[in-house]
There are 2 protein chains.
Amino acid sequence: MGVFFRIMNADVRSDVSLGRRSPNAKTRVVVADRNVITRVGIRSILERNAGMAVVAEATTYEAALDAVDEHGPDVLLIDLDLGDDTTRGLKLCEEIVERFPNTKILVLAQSLSEMIVIEALRRGANGYLVKDEVKADELGKGVKAVQDGETVLGKGVGSMVARGLGSTRGAAEHLTDRELAVIKLVAKGLSNKQIAHEIFLSESTVKFHLQNASKKLNAHRRAEIVHRATAAGLL
Amino acid sequence: MGVFFRIMNADVRSDVSLGRRSPNAKTRVVVADRNVITRVGIRSILERNAGMAVVAEATTYEAALDAVDEHGPDVLLIDLDLGDDTTRGLKLCEEIVERFPNTKILVLAQSLSEMIVIEALRRGANGYLVKDEVKADELGKGVKAVQDGETVLGKGVGSMVARGLGSTRGAAEHLTDRELAVIKLVAKGLSNKQIAHEIFLSESTVKFHLQNASKKLNAHRRAEIVHRATAAGLL
DNA sequence: TAGCCACCTGTCCATATGGCTAGGTAGCGA
DNA sequence: TCGCTACCTAGCCATATGGACAGGTGGCTA
């Protein structure tokens with residue numbers, strides 16, 4: 001099995017970058033990951049095996065943004081899960097795309113979450129690899145590929161995206177703040193009544209939010225809701 | 001118990017090593033982690049910054065055992081979560097302790113799960129660090145410390161252990177196979193009736209297992225049960 | 001302004017769940 | 001053999017939950 005897929009993007013263009021830098025120039029990469037070990041590992045692989053240059057490392061969203069701003073790298077290799085809020089990582093993608101269109105984004109995630117994969121790509125990430133799946137040479141190839149304007153999807157990610165795009169709305173359906181809040185309390189084992197009391201709602205409203213969340217997550221029992229939300233990295 | 005705990009930010013001194021090996025010999029380490037990036041990172045940190053030798057890398061439980069057998073390292077640095085079954089990682093600890101008592105075990109976990117921390121230490125691991133928390137220099141120091149017979153607990157792990165040992169039974173209470181099986185189906189959103197049908201039990205029995213699991217996990221609603229089980233890395 | 005959305009509340013009812021008591025089997029080690 | 005554990009089953013009953021219908025608000029945008 002061709003361990004990872006590359007999808008040539010017909011519509012997205014690289015004609016702009018054609019003459020932008022000399023073909024022999026080293027690919028310049030900024031790595032954003034909260035984990036030292038991972039950063040060191042990536043740097044080692046990229047620099048020693050792939051002949052690239054890691055020009056900066058970042059451990060927070062702000063630092064990542066600053067680093068891209070300062071170094072204008074070809075590729076930002078990022079673990080969306082910096083800090084405690086993955087949503088910020090997604091916002092960061094949008095911002096990078098908007099402010100630094102020449103920097104490609106390759107997401108290097110800890111785990112495979114359908115919701116996050118889809119969202120990341122929707123917001124402009126050029127690729128999505130999973131840490132535990134990726135092999136050493138794939139990392140360098142992946143970085144090169146996104147730099148060249150391709151979309152790189154790791155093992156298992158491709159089919160996920162296909163499913164996501166296939167469904168009418170995919171993961172475009174976000175859980176609202178309230179829904180998420182309720183789910184978090186459900187995960188703690190509170191009953192509807194307790195949740196209602198906790199966040200000053202009527203029990204009816206709690207059930208209402210839960211019903212809506214059920215439909216969005218396509219889960220019909222609260223245990224499943226919690227499980228899916230957890231798997232999607234929302235808790 | 002006569003082990004002295006060492007929290008990672010306190011400073012170290014090794015007054016314990018009794019000249020078992022020449023003081024200048026390089027510490028020999030086997031690294032077991034399914035993730036290439038992490039392996040490369042650890043190797044780089046340990047070899048370049050801490051002057052140690054990574055004599056082998058492993059990506060499976062079997063390979064880890066073989067590597068320890070073959071190389072007789074001073075320290076086995078392992079992510080319990082190789083394969084899909086963390087329990088096997090715990091068993092591996094026991095086996096290493098039994099068969100290769102000269103090899104110390106330092107667990108390098110992805111996440112902080114109380115149940116796993118306690119179990120790992122109970123089965124003979126000499127330390128437990130969390131990947132995202134650990135700093136580059138702490139990794140080398142930690143390896144050195146366990147080699148010297150100390151117990152190394154990363155940030156946040158210490159208090160967890162204290163709590164675990166404080167409670168009468170701690171996490172000594174395992175979920176039985178049946179309980180786990182039922183919980184997995186609960187997580188998929190099945191009702192007791194459906195679960196009963198799925199694994200050929202009566203609904204009563206399903207409820208029985210769930211009741212027992214509730215008590216062990218100290219959770220009173222199925223949503224909480226799956227949340228805890230997930231957090232404990234059991235699903 | 002109409003339409004959409006997130007948000008909030010209520011009522012109804014069948015079913016699921018949590019918590020309990022009270023049995024049974026088989027295997028394993030002291 | 002006794003005691004322990006994992007395992008299996010049954011029944012009872014109060015409460016929680018899932019799913020439905022039927023309304024309401026305020027804010028935003030076409």
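Attention here is on the structure that accompanies the text. Along every chain, residues carry numbers that run from 1 in the direction the sequence is written. In the order they appear in the text, chains get letters beginning with A and ligands get numbers beginning with 1. Only residues with pLDDT of at least 70 are given local features in this predicted model, and only at 80 or more are side-chain atom pairs given and counted; all residues enter the totals for whole chains, interfaces and linings. Calculation of side-chain values draws on the structure's entire complement of heavy atoms; hydrogens and water are dropped beforehand.

Some thoughts on the overall build of chain A
Secondary structure follows DSSP: runs of H or I at least 4 residues long count as helices, runs of E at least 2 residues long count as strands, and numbering of each begins at the N terminus. Counting its regular elements, chain A contains ten helices and seven strands. Note on classification: 1.4 Å probe, protein chains only; a residue is buried when its accessible area is under 20% of the maximum for its type, exposed when over 50%, partly exposed between these limits. Classification of the 235 residues of chain A by burial places 49% in the buried group. The contact definition used throughout considers only heavy atoms, calling two residues in contact when any of these lie within 4.5 Å. For chain A, contacts bridging at least 24 residues in sequence account for 68% of all contacts bridging at least 6. As displayed, chain A has an accessible area near 11,400 Å², and 51% of this comes from carbon and sulfur atoms. Exposure was quantified through the Shrake-Rupley algorithm and a 1.4 Å probe, taking into account, for residues, occlusion by the shown protein chains and nothing else.

A few points about the interface of chain B and chain A
Quoted interface sizes are often the accessible area lost when the parts come together. Between chain B and chain A, the residue contacts involve 34 residues of the former and 34 residues of the latter. Note on chain B versus chain A: buried area summed over both sides is about 2,600 Å², and carbon and sulfur give 64% of it. The term buried area means the drop in 1.4 Å probe accessible area that two parts suffer when joined, counted for both and summed. Considering only the side of chain B, the residues that lose the most area to chain A are Ile37, Asp132 and His227 of chain B, jointly responsible for 22% of the buried surface there. A side-chain nitrogen of Lys or Arg and a carboxyl oxygen of Asp or Glu constitute a salt bridge if their distance falls within 4 Å. Along the contact surface separating chain B from chain A lie two salt bridges. A salt bridge links aspartate 132 of chain B to arginine 34 of chain A, with the nearest nitrogen and oxygen atoms 3.8 Å apart. Residues adjacent in sequence count toward polar contacts only when both atoms are side-chain atoms; beyond that, a polar contact is any pair of N or O atoms within 3.5 Å, and within protein one must be able to donate a hydrogen and the other to accept it. Inspection of the chain B/chain A interface yields six residue pairs in polar contact (both at pLDDT 80 or more).

Considerations on the pairing of strand E4 (residues 75-78) of chain B
Residues and elements named next belong to chain B. Neither face of E4 is open: one carries Val75 and Leu77, the other Leu76 and Ile78, and all of them are buried. Where strand E2 (residues 28-32) and E4 come together, four bridges link them in parallel fashion. Note on E4: the bridge partner recorded for valine 30 is leucine 76. In this structure, E4 lies alongside strand E5 (residues 104-109), joined through four bridges in parallel fashion. Opposite leucine 77, over in E5, you have leucine 106 as the bridge partner. Two strands qualify as a pair provided DSSP detects at least 2 bridges between them.

Structural notes on the relation of the copies chain B and chain A
We superpose the copies by least squares over the C-alpha atoms of residues that have a pLDDT of at least 70 in both of them. The transform that puts chain B on chain A rotates by 180° and translates by 0.0 Å along the axis, for an RMSD of 0.3 Å. Those values place the two copies in the arrangement expected of a two-fold rotation axis.

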